[in-house]
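Tertiary structure, described
What follows is the residue order along each chain.
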Amino acid sequence: MDRVSAFDEPLKKLLGGATAKVMAEHLDLHTVGDLLHHYPRRYEERGRLTALADLPLDEHVTVVAQVADARVLMFNNGRGKRLEVTLTDGHGRLQLVFFGHGVHKPHKELLPGRRAMFAGKVSVFNRKMQLAHPTYQLLDAESVDEAGATEAVDAFAGRLLPIYPACKQLDSWRIAKAVDTVLPSAQEVVDPLPPSLREGRGFTALPEALLKVHRPQTKADIAEARDRLKWDEAFVLQVALARRRYADTQLPAAARGPRPGGLLDAFDAKLPFTLTDGQLKVSKEIFDDLATEHPMHRLLQGEVGSGKTMVALRAMLRVVDAGGQAAMLAPTEVLAQQHHRSITEMMGELAEGGMLGGSEQGTKVVLLTGSMGVAARRKALLDLVTGEAGIVIGTHALIEDKVRFHDLGLVVVDEQHRFGVEQRDALRSKGQQPPHLLVMTATPIPRTVAMTVFGDLETSVLDQLPAGRSPIASHVVPAKDKPHFLSRAWERVREEVENGHQAYVVCPRIGDDAEDEAAGKKAKKTPEDDGEKRPPLAVLEIAEQLAKGPLAGLRIEVLHGRMNPDDKDDVMRRFAAGDVDVLVATTVIEVGVNVPNATAMVIMDADRFGVSQLHQLRGRVGRGSAPGLCLLVSEAHEAGPARARLSAVAATLDGFELSRIDLEQRREGDVLGQAQSGVRSSLRMLTVIDDEEVIAAAREEAVAIVAADPELTRLPELRTALDALLDKEREQYLDKG
């Protein structure tokens, strides 16, 4: 077999059509390489029984256990037969059930004292965990016929049993047999690591690592194999990202240097406050990037309320000073309008360039969203193509083909995790040369995630809050256990309003007919929801209840994503002006909304939101001189994971700490998100939260290798591994990143 193509050999060739078809359809495994990288989830020791007490409900599991009891029961007046088998591991018990014609064979084989591997889906019947009609494989040599006895003994005596991620159509041990068939091919596999690196770090060779992870003799074998395979995942990915960064530094871009006495200087001179040290430091990093002839690719992450918009605005003004235009892309119309309003307010007459009463140094700041009227839209498009407008703020409407710029110099993407890489790419292609790119996220990202997901971007961090920001007190309100706590929460809202302040009430759902079905499915489910089927609380219902009940007499308005854009803008304007006491809203207020007089927030069904989302929402209060209050209302069980999550949010205002907790609870899948699905699906062994050191070290090595040999001409094996990692989807993701 050709050494390079050992991994690429189709499974069909080695395993036969039927097995290969099931693997492709249900496990997404197509080649020898795919199967060899389908690692065991865990290992069972021959002499040890597995823990039955904490099996996950509704999941396909494989357990190794002993039969404690087996009995046949009749039902339907003797017409039906049921075999019930009880398994034990010395601590917990698990019931198996077989019906009808499926009773005969297990009745003969599953005798008390016998040990076997069982696979099936965990369900609950009569409050007991059970597997219905599981498949099984006996592990006792004496229970197998003569022909199979020796094989069973060889396979299982004193050996660590690999338990594979399986599916209903294919048990763990059938996957193990398939792995046995393809393992010899692992010896043909080319090692992607440069020999000097492998030897320098003392790694085992790749063929040996694959053998040890699938068929370990000892626990040390597993550890050795995992170390090597984790490193490969981190390293190959970091090489791909390092090559992207290198390629970006080779692209041409217009340098946007300073213009003394220009728009930026005029803006800074009229600021009513001084910028924080953090804002000045990050601005300098951005200005240095803008002054080079290669496109900036920078991620600006900052705590809620750390003043990212101010930093982004100063970067945009620098580009306008240098004769270019800047575009800010926001994920929602509410946010685009909010940014437009706050930027024009901050700039004052400087945002009215070319208009009566505008400053001579000024420029025009235009808004472009999908729902604008035809005339306003035509005017905005004209201002962009002539260069009259130096700054444009909009939603994805900015990406449409019709939008033309005079000279696009900078793209600012707000709330990166809401934007697909395609959108970023489409906007970047609107410059005569690639524009500079600044990506802002208000969700602090742990360092390793930033390295893995945004590894093609340089990172700036704003972790200092501007003077005048007030502390926010957060409390969990257990509405089910202590209803009087909820009554007190509404009293607190009244007190804030009586003291001249305003409040938000946030609900997970809108509550209109169009949304009911979809949102019911989309609302975050927590394990506790299983017992409690009520839909998440809705804006329209809660607003009505509050107006008639605990907040009667206050000026209450609603805000949600399906309102007409003009109505949304009108509500936000009136709330900002202090004409509304309580705003009952969905998460449309999650980012960027800035009303310093709003001091209280009540989040209903808080357990339905993620940690980072709660932190974002809470950041809408405490933006003025009065302290903020955030009340997390939940009916979740006190001892459950959802309440633990809420307590974590209440306990700290540190977004980086919370993002770490979030990641530990949700693991990578959610955090890396769809836009990063290429990265996510390439991480089998590596977990970005636990393997911080591996990722950091791999990045260092990758940067050095790419700097010395950008095309990897001297490392053909690494190039081959890179091609295997970067299938079409992943390659596009990295190219567009």
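Look up a bit, the structure's there.
Parameters and conventions
- Each chain has its residues counted from 1, following the order in which its sequence is written.
- The predicted nature of this model means local features are confined to residues of pLDDT at least 70 and side-chain atom pairs, given and counted, to a pLDDT of 80 or more, with totals for whole chains, interfaces and linings taken over all residues.
- Derived side-chain values reflect all non-hydrogen atoms in the structure, with water molecules and hydrogen atoms excluded from consideration.
- For helices the rule is a DSSP run of H or I covering at least 4 residues; for strands it is a run of E covering at least 2, with both sets numbered from the N terminus onward.
- Relative accessible area decides the class of each residue, using a 1.4 Å probe on protein chains only: under 20% of the type maximum gives buried, over 50% gives exposed, and in between gives partly exposed.
- Note on contacts: a residue pair is in contact if any heavy atoms of the two residues lie within 4.5 Å.
- Per-residue and other accessible areas follow the Shrake-Rupley method at a 1.4 Å probe size, with only the shown protein chains counted as cover for residues.
- A side-chain nitrogen of Lys or Arg and a carboxyl oxygen of Asp or Glu constitute a salt bridge if their distance falls within 4 Å.
- The pairing criterion is simple: DSSP has to find at least two bridges between the two strands.
- Note on geometry: axes are C-alpha line fits, over the in-contact stretch for helices, and angles between N-to-C directions span 0 to 180 degrees.
- Within this scheme, the nonpolar core is defined by two criteria: the residues are buried Ala, Val, Leu, Ile, Met, Phe, Trp, Tyr or Cys, and they are joined through side-chain atoms within 4.5 Å.
- We call Phe, Tyr and Trp rings a pair once their centres come within 6.5 Å, taking the six-membered ring for Trp, and we label the pair stacked below 30 degrees between planes, edge-to-face above 60, and tilted otherwise.

Let's talk about the overall build of the protein chain
When you go through the protein chain residue by residue, the secondary structure sums to 27 helices and 21 strands. Across the 737 residues of the protein chain, 54% fall into the buried class. Partitioning the contacts of the protein chain with sequence separation of at least 6, the portion at a separation of at least 24 is 74%. Element-wise, carbon and sulfur atoms account for 51% of the exposed surface of the protein chain, whose accessible area totals about 32,400 Å².

Brief notes about helix α8 (residues 206-214)
Counting buried positions along α8 gives 7 out of 9 residues, so the element sits mostly inside the fold. Turning to α8, its buried residues number three or more, namely Leu-206, Pro-207, Ala-209, Leu-210, Lys-212, Val-213 and His-214. As for α8, its buried residues are in contact with α3 (32-36), β1 (42-45), β8 (160-163), α6 (172-186) and α9 (219-250).

Re the pattern of salt bridges
All told, the structure shown has 39 salt bridges when counted by the stated rule. The partner of Glu-9 in a salt bridge is Lys-13, and the shortest N-O contact between them spans 3.0 Å. Residue class for Glu-9 comes out buried when judged on its relative accessible area of 13%. Salt-bridge contacts for Arg-719 lead to Glu-711; the nearest nitrogen and oxygen are separated by 3.9 Å. Classification of Arg-719 by relative accessible area gives partly exposed; the value is 31%. Overall, Glu-711 belongs to the partly exposed group, its relative accessible area being 46%. Counted as one network, the salt bridges with shared partners bring together Arg-488, Glu-491, Arg-492, Glu-495 and Glu-496.

Things to note about the sheet that holds strand β15 (residues 458-462)
The 7 strands are arranged β11-β12-β10-β13-β14-β9-β15 in an open sheet whose pairing can be described as parallel. Edge strands, defined here as strands with exactly one partner in the open sheet, are β11 (364-368) and β15. Within the sheet, the average angular offset between the axes of one strand and its neighbour, ignoring direction, is 20°. With 5 bridges joining them, strand β13 (residues 408-414) and strand β14 (residues 436-441) adopt parallel strand pairing. Residue Val-412 lies in a different strand from β14, and its bridge partner there is Leu-438. Against the sheet, helix α13 (residues 333-347) makes contact with β10 (325-329), β11, β12 (389-394) and β13, and its axis sits at roughly 170° relative to β11, the strand it touches most. The strands touched by helix α14 (residues 374-386) are β10, β11 and β12; relative to β11, the strand with the most contacts, the crossing angle is about 130°.

Examining unusual backbone geometry
If you check the backbone angles, Asp-28 has positive phi at about 60° while not being a glycine. Residue position: Asp-28 is located in the loop between α2 (17-27) and α3. Looking at Asp-28, the relative accessible area reads 56%, which means it is exposed. One non-glycine residue, His-133, adopts positive backbone phi at about 50°. In this fold, His-133 is placed in the loop between β6 (128-132) and β7 (135-138). With a relative accessible area of 40%, His-133 lands in the partly exposed category.

Considering the nonpolar core
One finds Trp-231, Phe-235, Val-239, Leu-368, Leu-384, Val-392 and Leu-718 to be the most contacted residues of the largest nonpolar core, which totals 50 residues. In this structure Val-239 touches Ala-702, Val-706, Leu-712, Leu-718 and Leu-722, once residues within four positions along its chain are discounted. Membership of the second largest hydrophobic core comes to 39 residues, among which are Val-365, Val-412, Leu-438 and Met-440.

Examining the packing of aromatic side chains
For the structure on display, the rule yields 6 aromatic pairs. Ring centres 6.1 Å apart and planes at 40° place the aromatic pair Phe-118 and Tyr-136 in the tilted group. Highlighted residues: Phe-118 in strand β5 (residues 115-125) and Tyr-136 in strand β7, separated in sequence by 18 residues. With centroids separated by 5.4 Å and ring planes inclined at 40°, the aromatic side chains of Phe-203 and Trp-231 adopt a geometry described as tilted.

Considering the sheet that holds strand β21 (residues 628-634)
Strand order in the open sheet formed by 6 strands is β16-β21-β20-β17-β19-β18, and the pairing between neighbours is parallel. The sheet is open, and its two borders are formed by β16 (472-478) and β18 (556-559), each paired with just one other strand. Between one strand and the next, the sheet's axes are offset by a mean angle of 20°, whatever the strand orientation. Both strand β17 (residues 502-506) and strand β20 (residues 598-603) contribute to a ladder of 5 bridges, which runs parallel. Bridge pairing in β20 places Val-505 opposite Val-602. Across the sheet, helix α21 (residues 611-618) touches β16, β17, β20 and β21, and the angle it forms with β20 is around 150°.

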